[in-house]
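Analysis of the macromolecular model
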Amino acid sequence: MYTLEAKNVNLFYGSFQALKGVNMGIDRKQVTAFIGPSGCGKSTFLRLFNRMNDLIENVKIEGELLLDGQNIYDPKADVISLRRRVGMVFQKPNPFPKTIFENVAYGLRITGQNNRKKLAESVEHSLQLAALWDEVKDKLHQSAYALSGGQQQRLCIARALAVQPSVLLMDEPTSALDPVSTFKVEELIYSLKSNYTIVIVTHNMQQAARVSEKTAFFYMGSLIEYDDTRKIFTNPKLEQTQNYVTGRFG
């Protein structure tokens with residue numbers, strides 16, 4: 001069974017069709033990358049898996065989206081529970097106007113965890129997972145805004161990990177970062193994949209090649225090709241994919 005699966009998914013913003021008949025299965029505990037030019041539907045598709053598109057007016061979704069075999073758009077589905085299981089990291093770091101500690105503890109407090117010792121243990125563990133603990137352990141009660149951009153993004157990853165999701169969605173998580181911070185986040189993605197299913201949207205094809213096992217190429221709302229990353233970049237089946245990954249368009 002796939003961790004995530006899309007079956008004949010169409011998405012409309014009003015009368016505009018943003019996704020066209022997308023079918024895909026995403027394997028457990030590996031990194032899957034979505035590539036394609038701007039406006040091709042890859043971020044829209046990513047956001048379906050934790051129902052972020054619910055927040056947009058005039059959206060109509062057809063087809064099935066499954067998490068561990070369960071349809072997440074079933075009327076009986078618990079969206080809050082879904083978003084605990086499927087964490088999200090956005091393009092720009094978005095720490096809350098709180099301390100470093102409280103940023104990571106936020107999701108835990110919402111779920112009812114208020115035991116000081118357990119909170120402290122969970123915050124430390126999550127910051128360690130995000131490779132940030134050594135940099136912030138002596139300033140946990142300082143504002144998260146005092147951190148660098150790269151540190152803020154790893155803090156947001158720690159915040160997502162604190163509620164123990166099984167899936168981590170990352171929408172261009174390094175596009176606002178410098179090369180050193182980008183490298184740290186890529187190292188982090190590589191270290192996390194043994195315990196999490198990770199899906200990353202990226203405009204950086206070198207990044208997709210470095211971090212992912214499978215790559216999906218989207219164009220104008222359609223999934224054009226989906227295969228092992230090595231094949232997509234060295235021997236794609238379709239000329240359209242070949243033209244994109246070699247920079248002939250996009």
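Since this is a predicted model, take the numbers as computed values, not measurements.

When helices and strands are tallied, the protein chain shows 10 helices and 10 strands. The C-alpha atoms of the protein chain give 18 Å as radius of gyration, which agrees with the globular expectation for 250 residues (18 Å, within 12%). In terms of principal-axis extent, the alpha carbons of the protein chain reach across some 55 × 45 × 30 Å. Here the protein chain holds 250 residues, and the buried ones make up 48% of them.

Attention now goes to unusual backbone geometry. Glycine aside, residues mostly have negative phi, and peptide bonds are mostly found in the trans state. Phi is positive for Glu 172, close to 50°, though the residue is something other than glycine. Locating Glu 172 in the fold gives a position in the loop between strand S7 (167-171) and helix H7 (179-192).

Moving on, we get to the pattern of salt bridges. Evaluation of the coordinates by the stated rule reveals 12 salt bridges. The partner of Glu 102 in a salt bridge is Arg 109, with the nearest N and O atoms 2.8 Å apart. By relative accessible area, which is 32% here, Arg 109 ends up partly exposed.

Moving on, we get to the layout of surface pockets. By volume, the largest pocket amounts to about 590 Å³. At the level of elements, helix H2 (79-85), strand S6 (86-89), helix H3 (100-110) and helix H6 (149-162) are the ones that each hand at least two residues to the lining of the largest pocket. Tallied by class, the residues present in the lining of the largest pocket amount to 12 nonpolar, 5 polar and 3 charged.

Next up on the list: the environment of Arg 28. With respect to the element layout, Arg 28 can be found in the loop between strand S2 (16-26) and strand S3 (31-35). When its relative accessible area of 43% is taken as the criterion, Arg 28 is described as partly exposed. When the C-alpha positions of Arg 28 and Lys 193 are compared, they lie 9.1 Å apart, and in sequence the two are 165 residues distant. When sequence neighbours within four positions are dropped, the list of residues in contact with Arg 28 reads Met 1, Tyr 2, Thr 3, Asp 68 and Thr 197. Among the polar contacts made by the side chain of Arg 28, one reaches the side chain of Thr 3 at a distance of 3.5 Å.

What the rule picks out here adds up to 6 aromatic pairs. Centre to centre, the rings of Phe 45 and Phe 49 are 5.2 Å apart; their planes meet at 75°, and the pair counts as edge-to-face. Phe 45 gets classed as buried once you look at its relative accessible area, which sits at 0%. Phe 49 gets classed as buried once you look at its relative accessible area, which sits at 1%. Taken together, the ring pairs connect Phe 34, Phe 45, Phe 49 and Phe 218 into an aromatic cluster. Here the basic side chain of Lys 60 rests over the ring of Phe 12, its NZ or CZ set 4.9 Å away from the ring centre. The ring of Tyr 226 has Lys 214 lying over it, and the distance from NZ or CZ to the ring centre is 5.5 Å.

Time to look at helix H4 (residues 116-129). Along its 14 residues, H4 runs 20 Å from first to last C-alpha, staying within 8% of the 20 Å computed at 1.5 Å per residue. For H4, the full list of buried residues reads Leu 119, Val 123, Ser 126 and Leu 127. Projected down its long axis, H4 carries its buried residues within an arc of 100°, all on one side. The backbone nitrogen of Lys 117 has a side-chain oxygen 3.0 Å away, supplied by the residue at the start of H4, namely Asn 115. Phi turns positive, to about 55°, at Ala 131, one or two residues after H4.

Cut-offs used in this document
Residues numbered from 1 in each chain as written. Predicted model: local features only at pLDDT ≥ 70, side-chain atom pairs only at ≥ 80, totals over all residues. Heavy atoms only, no water. Helix = DSSP H or I, 4+ residues; strand = E, 2+ residues; numbered from the N terminus. Rg over C-alpha atoms; globule rule 2.2 N^0.38 Å. Buried < 20%, exposed > 50% of the residue type's maximum accessible area, 1.4 Å probe, protein only. Salt bridge = Lys/Arg side-chain N within 4 Å of Asp/Glu carboxyl O. 1 Å grid on protein atoms, 1.4 Å probe; cavity = no way out; pocket = protein on both sides within 12 Å on 5 of 7 lines; lining within 4 Å. Points joined across faces, edges and corners; volume = space filled by probe spheres on them. Nonpolar A, V, L, I, M, F, W, Y, C, P; charged D, E, K, R; others polar. Contact = heavy atoms within 4.5 Å. Polar contact = N/O pair within 3.5 Å; in protein donor to acceptor, adjacent residues only side chain to side chain. Phe/Tyr/Trp six-rings, centres within 6.5 Å; stacked < 30°, edge-to-face > 60°. Lys NZ or Arg CZ within 6 Å of the ring centre and 35° of its normal. Expected span 1.5 Å × (residues − 1). Arc of directions from axis to C-beta.

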